[in-house]
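Next come the chains, spelled out residue by residue.
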Amino acid sequence: MSPVLLGNTFPLTLIRRPVRIEPRPLDELRQAVAAQGCVSFWGHTNTLQAAREMLGFDPTPTTERPALTLNGDLLPSLNGMVFDEVWVLSPTYQTGYRPKPDQATPPELILNWQVLRVAFDCAHFTIPSP
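Residues numbered from 1 in each chain as written. Predicted model: local features only at pLDDT ≥ 70, side-chain atom pairs only at ≥ 80, totals over all residues. Heavy atoms only, no water.

S.K.: It is not clear to me how the sheet that holds strand β4 (residues 69-70) should be interpreted in this structure. Could you clarify?
M.R.: Strand-to-strand pairing in sheets goes through backbone hydrogen bonds, with the strands running parallel or antiparallel. Spatial ordering of the open sheet is given by β4-β5-β6, a layout of three strands whose pairing is antiparallel. Looking at which strands have only one partner, the edges of the open sheet turn out to be β4 and β6 (81-82). (Pairing = 2+ DSSP bridges. Helix = DSSP H or I, 4+ residues; strand = E, 2+ residues; numbered from the N terminus.)

In structure tokens:
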């Protein structure tokens, strides 16, 4: 079982095969990370501290702003690891608030967190010929 791949957003341009995106409970994400470990591609440092406090573990990636790629099967890959699902944890801000780059978001401006599980269909997909 591979670790959970976690980020604060997921680029839709990397979806090249069928996916199912569904909201999931925060506790499900925490349980998955506790059971499987976590590989992070978190890109926005402004929410890292608040996410760390809320999650109970540190989602800081091993490198700054790591970039996901697609492998030959069109699945997300990071640091040589391939994943068939991605978890996205994004803050819901107070109305009208827009975070400034490289400035921590005050926790009181985060109303709650949205958890999405992006699962790539591996059973019913054939890679198209070029």
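Further notes follow.
S.K.: Help me understand the pattern of salt bridges, please; the structure alone is not making it clear to me.
M.R.: Pairing between side chains becomes possible if they bear opposite charge and their charged atoms approach one another. One pass over the structure, following the stated rule, counts seven salt bridges. Here E22 and R20 are joined by a salt bridge, their closest N and O atoms 3.4 Å apart. Take E22: its relative accessible area is 17%, and that puts it in the buried class. The exposure class assigned to R20 is exposed, which follows from its relative accessible area of 56%. Here D27 makes a salt bridge to R30, at a shortest N to O gap of 3.0 Å. One end of the pair is D27 and the other is R30, both in helix α1 (residues 26-36) and three residues apart, which spans about a single turn. Connected via shared salt-bridge partners are R20, E22, R24, E28, E85 and R117. (Salt bridge = Lys/Arg side-chain N within 4 Å of Asp/Glu carboxyl O. Buried < 20%, exposed > 50% of the residue type's maximum accessible area, 1.4 Å probe, protein only.)

S.K.: Just to check I follow, could you spell out helix α2 (residues 48-55) for this structure?
M.R.: One turn of an α-helix holds 3.6 residues; hence residues three or four places apart share an orientation. Looking at α2, one finds that the buried residues are L48, A50, A51, M54 and L55. Taken down its axis, α2 places every buried residue within 165 degrees of arc, on the same side. (Arc of directions from axis to C-beta.)

S.K.: Before we go on, may I ask you to explain the layout of surface pockets in this structure?
M.R.: Using a probe with the size of a water molecule, rolled over the atoms, empty space left in the structure can be pinpointed. Space inside the largest pocket adds up to approximately 210 Å³. Taken together, G43, H44, T45, N46, E64, R65, Y93, P99, K100, P101 and D102 form the lining of the largest pocket. (1 Å grid on protein atoms, 1.4 Å probe; cavity = no way out; pocket = protein on both sides within 12 Å on 5 of 7 lines; lining within 4 Å. Points joined across faces, edges and corners; volume = space filled by probe spheres on them.)

S.K.: How should I be thinking about the nonpolar core in this particular structure?
M.R.: The nonpolar side chains of a soluble globular protein tend to be buried, and buried together. Judged by nonpolar contacts, the single largest core of 17 residues is most densely connected at L6, L29, L55, L89 and W113. Going through the elements one at a time, β1 (4-7), α1, α2, β7 (85-93) and β8 (110-120) are the ones with two or more residues in this core. Apart from the residues lying within four places of it in its own chain, the contact partners of L89 are L6, G7, N8, L26, L29, W42, M54, L55, W113, Q114 and V115. (Core = buried A, V, L, I, M, F, W, Y, C linked by side-chain atoms within 4.5 Å. Contact = heavy atoms within 4.5 Å.)

S.K.: What is the right way to read the environment of I21 from this model?
M.R.: Within the element layout of this structure, I21 appears in strand β2 (residues 19-23). On the accessibility criterion, I21 (42% relative accessible area) is partly exposed. As a C-alpha pair, I21 and A119 span 98 residues in sequence and 6.4 Å in three-dimensional space.

S.K.: So what exactly am I meant to see when it comes to the sheet that holds β2 here?
M.R.: Spatial strand order, β2-β8-β7-β1-β3: five strands in an open sheet with mixed pairing. If you trace the sheet from one side to the other, it starts and ends with β2 and β3 (38-40), each paired once. The mean angle between the axes of side-by-side strands here comes to 25 degrees, regardless of whether they run parallel or antiparallel. As defined by bridge partners, β7 adjoins β8 across nine bridges and the pair is classed as antiparallel. What sits directly across from V88, in β8, is L116. (Axes fitted to C-alpha atoms, helices over the stretch in contact; angles between N-to-C directions.)

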